[in-house]
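# Report on the structure
Read off the chains here:
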Amino acid sequence: MESKEILRVENLKTYFEVSGGLLAKKQYVKAVDDVSLSINEGETFGLVGESGCGKSTLGRTIVKLYEPTAGKIFFDGEDITAIKNKDKLHNFHKDCQLIFQDPYASLDPRMTVGEIIKEPMEIHGMYSSNEEREKVCVELLETVGLKPDHIRRYPHEFSGGQRQRISIARTLALKPKFIVCDEPISALDVSIQAQIINILKDIQKNLNIAYLFIGHDLAMIETIADRIGVMYLGHLVEVGTAEEVYHHPVHPYTQALLSAVPVPDPVVGKNKQRMILEGETPSPIDPPSGCPFRTRCLYATEVCAKEMPVMREFGGHMAACARLGELEEKHL
Ligand SMILES: Nc1ncnc2c1ncn2[C@@H]1O[C@H](COP(=O)(O)OP(=O)(O)OP(=O)(O)O)[C@@H](O)[C@H]1O
Ligand SMILES: [Mg+2]
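Let me begin by describing the structure that accompanies this report. (Residues numbered from 1 in each chain as written. Chains lettered and ligands numbered in written order. Predicted model: local features only at pLDDT ≥ 70, side-chain atom pairs only at ≥ 80, totals over all residues. Heavy atoms only, no water.)

## Topic: the site of ligand 1
- As a matter of local geometry, ligand 1 sits amid 14 residues, with Ser51, Gly52, Lys55, Ser56 and Thr57 nearest to it.
- Interatomic distance of 3.2 Å between a backbone N/O atom of Cys53 and an oxygen atom of ligand 1.
- The fraction of the free accessible surface of ligand 1 (640 Å²) that becomes covered by protein chains is 65%.
- For the shell around ligand 1, the elements supplying multiple residues, two or more each, are strand E2 (27-40) and helix H1 (55-62).
- In terms of residues, the shell around ligand 1 owes the most to one element, H1, which gives 3 residues.
- Among the residues making up the shell around ligand 1, the classes are represented as 5 nonpolar, 6 polar and 3 charged. (Near = heavy atom within 4 Å. Polar contact = N/O pair within 3.5 Å; in protein donor to acceptor, adjacent residues only side chain to side chain. Areas by Shrake-Rupley, 256 points an atom, 1.4 Å probe, with all protein chains shown as cover. Helix = DSSP H or I, 4+ residues; strand = E, 2+ residues; numbered from the N terminus. Nonpolar A, V, L, I, M, F, W, Y, C, P; charged D, E, K, R; others polar.)

The following block contains the structure:
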């Protein structure tokens, strides 16, 4: 069965103005710079890239926490880039949610777990009575593996993993169609991470929710994502199925990122070719001309400095590199 597209962004840009002093020329951090992608219902799109490459900014722009500088966002077939209509905006915020990295900062310490989970239902006028909302709240606690009597407790009485479960329950209260998960397990103990991932996977199976799942760890992202997008300096540089991007990356940056992933098998480890990422990531205020990765790329030539490579299909995925094809023979 063809699944339906739930989200599409076209040529999205989010620039932040940074002040360079009273008389200085205005400068912009090009946090997201011309990103296009689409996500289907029930799909997990994994987004990876080094710190500062614009992952969170992209996620936050999609859920309308940030105003895009340019480009378009379509949700469930509707252009929501500039909606001002209160009701439509209200509905959008119900359907499209964000789970944060830090489960400590995202829960109000003065509210009980029940109040935290019921609050979005109240704001969105869901269910006719408090009793009904309380009942749904108990069901949600069960869904995320917590107990009904946790409803009267406060966030500080819980561990990090349990708090992230509370955040997930609060998010689910609105029955969203799409959730941006911004590194939801990065702040948790490794032993707890798999539990949270399993909860998110189960929920997705039952409710057909789409995820934009942001993370650093490509090996982890590969296990949860259907497709993976790799970001560098505000740009999406490679997109493909998780399997393809992880096992047969074609963009030099993705290859370098993967070389940084420790290889558990010593035999594979020895034979693996390595392109070590050297040098600093350039500033997103003053990015390089042409390909954003060229200043750190082993394979960059003159042409890479001249033109921004466009995304094109190669070997079953999309990548933005002027030398695709040539490198395939040399490197892989
Ligand atoms: N509100 C803001 N104002 C100015 N600059 C910002 C703002 N938010 C982010 N930036 C800058 O935009 C760039 C992208 O930041 P972002 O937080 O999106 O990166 P990230 O990929 O999520 O990084 P990390 O992996 O560390 O979470 C960075 O250079 C950051 O300093
Ligand atoms: Mg981030």
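## Here's the deal with the pairing of strand E8 (residues 210-215)
- Among the 6 residues in E8, 6 count as buried, and that is most of the element.
- Burial along E8 is two-sided: Ala210, Leu212 and Ile214 and Tyr211, Phe213 and Gly215, pointing in opposite directions, are all buried.
- Taken together, the 5 bridges between strand E3 (residues 44-48) and E8 define a ladder with parallel strand orientation. Bridging from a neighbouring strand, Leu47 pairs with Ile214 of E8.
- Pairing between strand E7 (residues 178-182) and E8: 5 bridges, direction parallel. Counterpart to Val180 in the pairing with E8 is Leu212. (Buried < 20%, exposed > 50% of the residue type's maximum accessible area, 1.4 Å probe, protein only. Pairing = 2+ DSSP bridges.)

## Focus on the pairing of strand E4 (residues 70-75)
- Where strand E1 (residues 5-18) and E4 come together, 5 bridges link them in antiparallel fashion. Pairing of Arg8 across the sheet is with Phe74, part of E4.
- Taken together, the 2 bridges between E4 and strand E5 (residues 78-79) define a ladder with antiparallel strand orientation. Bridge assignment links Phe75 to a residue of E5, and that residue is Glu78.
- Following E4, the chain reverses through 2 residues before pairing antiparallel with E5; Asp76 in that reversal takes a positive phi of roughly 50 degrees.

## A few points about the sheet that holds E1
- The 4 strands lie next to each other as E2-E1-E4-E5, forming an open sheet whose pairing is antiparallel. Each end of this open sheet is capped by a strand with a single partner; those strands are E2 and E5.
- Its contacts with the sheet place H1 against E1, E2 and E4, and it is angled at close to 115 degrees to E1. (Contact = heavy atoms within 4.5 Å. Axes fitted to C-alpha atoms, helices over the stretch in contact; angles between N-to-C directions.)

## Some points on the sheet that holds strand E11 (residues 312-314)
- Spatial strand order, E6-E7-E8-E3-E9-E10-E12-E11: 8 strands in an open sheet with mixed pairing. Unpaired on one side and paired on the other, strand E6 (96-99) and E11 mark the two borders of the sheet. Strand-to-strand twist of the sheet, defined as the mean angle between neighbouring strand axes without regard to direction, takes the value 20 degrees.
- Both E11 and strand E12 (residues 317-319) contribute to a ladder of 3 bridges, which runs antiparallel. In the sheet register, Glu313 faces E12, and the bridge partner there is Met318.
- Those strands touched by helix H2 (residues 86-95) are E6 and E7, and its axis lies near 45 degrees from that of E6.
- Across the sheet, helix H6 (residues 190-207) is in contact with E3, E6 and E8; its angle to E8 comes to roughly 160 degrees.

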